[in-house]
Amino acid sequence: MSIDVLGAASIESLFANMDHVAQQCGEQFPLFRQSSSEQWTLSRRGSWLGGFWAGLWWRRALISGQAQDKEQALSWSQKLQVWLEEPSINRSFVFWYGPGLGSVWHRDSRAEASVDQAAQALLNSFDASSGFWPLGSGMGGGEAGNHILNVDALAPTLLMLDAQGGPVARQFGQWHVDACLRYLQKRSGAWRDTVLLQGHEVLAEQGSETWQRGQAWAMLGMATATRLYDRKSYAKAALQACRYWHERWGKYAQGYLKHDSAAALVDRSAWAIASLAMHELWQILPEHQWLQEQSRVYLDALLTPELSETGRFVGHLYKVAPGQSELVESACASFFLLEALLAHSA
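Residues numbered from 1 in each chain as written. Predicted model: local features only at pLDDT ≥ 70, side-chain atom pairs only at ≥ 80, totals over all residues. Heavy atoms only, no water.

Asks: What am I meant to see in the packing of helix α5 (residues 109–124) against helix α6 (residues 154–164) here?
Replies: Helix packing for two helices is described by the angle between their axes and how far apart those axes are. Orientation of α5 relative to α6, taken along the N-to-C sense of each, is 110°, at an axis distance of 9 Å. It follows from the interaxial angle that α5 and α6 lie roughly perpendicular. Classified by chirality, the crossing of α6 by α5 is left-handed. Between α5 and α6, the contacting residues are Val115, Asp116, Ala118, Ala119, Gln120, Leu122 and Leu123 on the first element and Thr157, Met160, Leu161 and Gln164 on the second. Split by residue class, the contact of α5 with α6 holds seven nonpolar, three polar and one charged. (Axes fitted to C-alpha atoms, helices over the stretch in contact; angles between N-to-C directions. Helix = DSSP H or I, 4+ residues; strand = E, 2+ residues; numbered from the N terminus. Parallel < 35°, antiparallel > 145°, perpendicular 65-115°, else oblique. Left-handed = near helix turned anticlockwise from the far one by under 90°. Contact = heavy atoms within 4.5 Å. Nonpolar A, V, L, I, M, F, W, Y, C, P; charged D, E, K, R; others polar.)

This is the structure in structure tokens:
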């Protein structure tokens, strides 16, 4: 089966698999499914992953044109309102990939109202004294979260601010990007995922040069910043992050993704995010054709005959229990793989 045929079949299967997952959900969100089980672990509120489940339905509705798909998307998005006042920047994941996509793709007035509320709540939580949004104490951040800068939600935060519009949202967004560059970016192009700060002093860091998903989140965030703010320094940082990924891991995509082992699990969702980030940056900087070429290489390496048949992407490295992480199926991983596949099939 050719790569193009495999990709097209995978898109169809990913959409079809959503119906099988939905049959288990009832009124709860699908959190993750371990490869050894047919049953999903469910969550009443959805955690930070809930927005991606709604986002999958918004995407399916956009392609199918079916009213029932849009109704599903809206229903799941409305359930996410419980996160509106959650003191965490990770609520950007919830509200951008949930109602945010309904607002942008479908111009749904209820989704627009929801994302407007979330963007205003986000603006109200900006820490003017530090010049960025800390991780926050909610969603497991704890008290230390108020002193942590984290890169994961950079892209959806900027997109939600852009949807809100206005000079304040734009200024806060650029200040947050600048803080991320100051504290999280390294000269090599590698990114720290997280730093603990005391004033302007870094007390601790994690994720630098080892955590693939953190680097992928940084690539996606800086590609978004480059598109929204049109600053050369942001484009330079985005390219550096992508080059680092390519040199550190990307050259060996087939080795990483085709020869996985239990001793060294590879976060396949990070490769899907990286593929999408490189494609989006190439759209802004088309003279850098290598971005598009590498994006396709990573995507092709993720495709398997099993995925094309089942639509089950077991690619999210996830902590399923204290001290125990494994590759699972999740709405987040499926969402980014699907978006990358659709981007390359357009």
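Asks: Any chance you could explain the state of the cysteines here in plain terms?
Replies: Linking two cysteines covalently through their sulfur atoms gives a disulfide. Under the criterion given, the structure shown has zero disulfides. This cysteine, Cys180, is not joined by any disulfide, and Cys242 carries the nearest cysteine sulfur, 16 Å off. (Disulfide = S-S within 2.5 Å.)

Asks: Quick question: what am I supposed to make of the side chain of Glu86 here?
Replies: As for its position among the elements, Glu86 is in the loop between α3 (67–79) and α4 (91–106). The residues touching Glu86, leaving out its near neighbours within four places in the chain, are Arg45, Arg91, Gly138 and Met139.

Asks: Help me understand the pairing of strand β6 (residues 314–321), please; the structure alone is not making it clear to me.
Replies: Regular strands have side chains that alternate between both faces of the sheet. Examined bridge by bridge, β6 and strand β7 (residues 324–329) share six bridges and lie antiparallel to one another. Its bridge partner lying in β7, Lys319 is registered against Ser325. Hairpin connection between β6 and β7: a loop of two residues separates the two successive antiparallel strands, and Gly323 in this loop has a positive phi of roughly 75°. (Pairing = 2+ DSSP bridges.)

Asks: How should the sheet that holds β6 be read in this particular structure?
Replies: The strands making up a sheet associate through backbone hydrogen bonding, with each pair oriented either parallel or antiparallel. The strand order across the open sheet formed by four strands is β2-β1-β7-β6, and the pairing between neighbours is antiparallel. Edge positions in the open sheet fall to β2 (41–43) and β6, since each of these has one partner strand only. Going from strand to strand, the sheet's axes swing by 45° on average, the running direction of each strand aside. The pairing of strand β1 (residues 29–34) with β2 spans three bridges and is antiparallel. Bridged to Phe32 within β2 is Thr41.

Asks: Honestly, helix α11 (residues 268–284) in this entry has me stumped. Any pointers?
Replies: For an α-helix, the turn length of 3.6 residues means that residues three or four places apart are oriented alike. Here α11 is 17 residues long and its end C-alpha atoms lie 25 Å apart, about the 24 Å a rise of 1.5 Å per residue gives. Of all 17 residues in α11, 13 are buried, a share of seventy percent or more. (Expected span 1.5 Å × (residues − 1). Buried < 20%, exposed > 50% of the residue type's maximum accessible area, 1.4 Å probe, protein only.)

Asks: Would you mind going over the pairing of β7 with me for this structure?
Replies: Where β1 meets β7, two bridges bridge the pair, whose relative direction is antiparallel. Across the sheet, residue Arg33 finds its bridge partner in β7, namely Glu329.

Asks: Even after reading the chapter, I still don't get the environment of Gln24, so can you show me in this structure?
Replies: Locating Gln24 in the fold gives a position in helix α1 (residues 3–25). Using a relative accessible area of 26% as the deciding quantity, one classes Gln24 as partly exposed. Linking Gln24 and Ala241, residues 217 residues apart in sequence, is a C-alpha distance of 39 Å. Residues in contact with Gln24, not counting those within four places in the same chain, are Glu38, Gln39, Trp40 and Leu42.

Asks: Which parts of the structure should I look at to understand the pattern of salt bridges?
Replies: Two side chains bearing opposite charge may form a pair once their charged atoms approach each other closely. In this structure the tally under the stated criterion is 15 salt bridges. A salt bridge links Arg45 to Glu86, with the shortest nitrogen-to-oxygen separation between them at 3.9 Å. In this pair, Arg45 sits in the loop between β2 and α2 (50–64) while Glu86 sits in the loop between α3 and α4, placing the two residues 41 residues apart along the sequence. Judged by its relative accessible area of 27%, Arg45 falls in the partly exposed class. Classification of Glu86 by relative accessible area gives buried; the value is 15%. In this structure, the salt-bridge partner of Arg192 is Glu205, at a minimum N-O distance of 2.8 Å. Within this pair, whereas Arg192 is found in the loop between α7 (167–183) and β4 (194–198), its partner Glu205 is found in strand β5 (residues 201–206), the two being separated by 13 residues in sequence. Through salt bridges with shared partners, a single ionic network connects Asp4, Arg296 and Asp300. (Salt bridge = Lys/Arg side-chain N within 4 Å of Asp/Glu carboxyl O.)

Asks: In this structure, what is going on with α7? I would like to understand it.
Replies: Along its 17 residues, α7 runs 24 Å from first to last C-alpha, staying within 8% of the 24 Å computed at 1.5 Å per residue. Among the residues of α7, Ala169, Phe172, Gly173, Gln174, His176, Val177, Ala179, Cys180, Leu181 and Tyr183 are the ones counted as buried.

Asks: Sorry if this is basic, but what is going on with the sheet that holds β5 here?
Replies: With respect to topology, three strands assemble into an open sheet ordered β3-β4-β5, the strand pairing being antiparallel. The open sheet has two edge strands with one neighbour each: β3 (148–150) and β5. Within this sheet the neighbouring strands show an average axis-to-axis angle of 25°, counted without direction. Summarising the sheet, β4 and β5 pair through five bridges and their orientation is antiparallel. Bridging from a neighbouring strand, Val195 pairs with Glu205 of β5. Relative to the sheet, α7 contacts β3, β4 and β5, its axis offset from that of β3 by approximately 100°.

Asks: Looking at this model, I keep getting lost on unusual backbone geometry. Mind explaining?
Replies: If a residue is not glycine, its phi is most likely negative; likewise, a peptide bond is most likely trans. Positive phi, normally seen in glycine, also occurs at Arg107, with a value near 50°. As for its position among the elements, Arg107 is in the loop between α4 and α5. The backbone of Asp230 shows a phi angle near 50°, a positive value even though the residue is not glycine. By the secondary structure assignment, Asp230 is in the loop between α8 (212–229) and α9 (232–248). Note on Asp230: relative accessible area 68%, which makes it exposed.

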